[in-house]
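Here's the letter readout for the chains.
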Amino acid sequence: MEKEIIASIEKKVKNTIKEYKLLNKKDKIVVACSGGKDSTTVLYLLKKFGYDVEALIIDLLIGSWSEKSLAKVEEFCKAQKIKLHTVNMRDSFGCSICYIRSGVQSKVKLNNCAICGVVKRWILNKKAREFGFDKLVTGHNMDDEVENVMMNQFKGNPSLCISLGPKTGVIRDNKFVPRVKPLYFCSNDEIRAYSKIMKFPVVYKPCPCSVVAFRGDVREFVKKLEGKFPDIKKNIIDNFLEILPELKKTFTSKGDLIYCEICKEPSRNKICKMCELMKHLS
Ligand code: SF4
Ligand code: ZN
């Protein structure tokens, strides 16, 4: 059984990389690590498959959870001889993510993960570019993607789906480091099993600040249906990938690329989402 799980995940990841042309051996690759099972698994597999890969972790300074996560990534990278880049929130921004979050939430109604997600994406793109990486790999898995697709459906906002898919990013620009998801067709359960078999040093406990309200409802909904329709997740993803090119055609705005007037990072608007958030702190 263990051998089958290992072979199945490794085959799926190899096929996803090949079919969607996610990576090539000449790419300088960085994996966005969190200390969790997904990013550790993809980092391990890319190293195993012979890619030129390094790791990057943002130390969000979320108390002991961040301390444990950082320690696990350091332990793993040391054992695997993988170069690790650490971005400490306090060194880079002068404060923790929690400080940014409470400052923003005192002015606008945004949930923890919405704020944290914007900050992390901005840092990851900037740092990946500054360190000279060609591709930024994330540990997103099939369950994450199914939830994202369904949440956008339920919100009635299909335009949000254009930044999903195995390759992220609709705007092509040399200030954007393309983001790719080699675990796209691997389920949460499969990755958990793989990570346990391989005895990876990871934190299985979720982030204490995670917001699961709506996502949790969608997760439960899909799980319930999965009892009756075992292929439901794969079907949602396959169907989504069929319509994704059309969604991109419909919702990708044409015209010149914009750089944020404040931070000069690529943005869809005059002021990027990160700088919009930071304005609430001043
Ligand atoms: Fe940030 Fe939410 Fe992830 Fe915690 S769960 S690290 S708050 S995005
Ligand atoms: Zn900006």
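Structure report, in brief. (Residues numbered from 1 in each chain as written. Chains lettered and ligands numbered in written order. Predicted model: local features only at pLDDT ≥ 70, side-chain atom pairs only at ≥ 80, totals over all residues. Heavy atoms only, no water.)

### Let's talk about the overall build of the protein chain
Looking only at helices and strands, one finds 11 helices and 8 strands in the protein chain. Taken over the C-alpha trace, the protein chain has a radius of gyration of 19 Å; the compact-globule value for 282 residues is 19 Å, and the two agree within 12%. Principal axes of the C-alpha set define a box for the protein chain whose edges measure 55 × 45 × 40 Å. By the burial criterion, 48% of the 282 residues in the protein chain qualify as buried. (Helix = DSSP H or I, 4+ residues; strand = E, 2+ residues; numbered from the N terminus. Rg over C-alpha atoms; globule rule 2.2 N^0.38 Å. Buried < 20%, exposed > 50% of the residue type's maximum accessible area, 1.4 Å probe, protein only.)

### Section: the packing of helix 7 (residues 142–154) against helix 9 (residues 213–228)
Relative to each other, helix 7 and helix 9 sit at 110 degrees, their axes nearing to 10 Å. Considering their axes alone, helix 7 and helix 9 lie roughly perpendicular with respect to each other. Contacts between helix 7 and helix 9 involve Asp144, Val146, Glu147, Asn148, Met150, Met151 and Phe154 from the former and Phe214, Arg215, Val218, Arg219, Phe221 and Val222 from the latter. Counted by class, the contact of helix 7 with helix 9 contains 8 nonpolar, 1 polar and 4 charged residues. (Axes fitted to C-alpha atoms, helices over the stretch in contact; angles between N-to-C directions. Parallel < 35°, antiparallel > 145°, perpendicular 65-115°, else oblique. Contact = heavy atoms within 4.5 Å. Nonpolar A, V, L, I, M, F, W, Y, C, P; charged D, E, K, R; others polar.)

### Considering the environment of Ile58
Tracing the backbone shows Ile58 in strand 2 (residues 52–59). Along the primary structure Ile58 and Leu124 are separated by 66 residues, whereas in three dimensions their C-alpha atoms are 8.1 Å apart. Not counting residues up to four positions away in its chain, the partners in contact with Ile58 are Cys33, Val87, Met89, Lys120, Ile123 and Leu124.

### Some thoughts on the pattern of salt bridges
Summed over all chains, the structure comprises 15 salt bridges. Across the pair Glu130 and Lys126 runs a salt bridge, and its minimum N-O distance is 3.0 Å. Linking Glu130 with Lys126, this pair stays in helix 6 (residues 112–130), spanning 4 residues, or about one helical turn. On the basis of relative accessible area, Glu130 is assigned to the partly exposed category, the value being 45%. Accessibility expressed as a relative area gives 21% for Lys126, which makes it partly exposed. Where Glu145 meets Lys181, a salt bridge forms, and the shortest distance between an N and an O atom there is 3.1 Å. (Salt bridge = Lys/Arg side-chain N within 4 Å of Asp/Glu carboxyl O.)

Bear in mind that shape data such as this cannot, by itself, settle questions of function.
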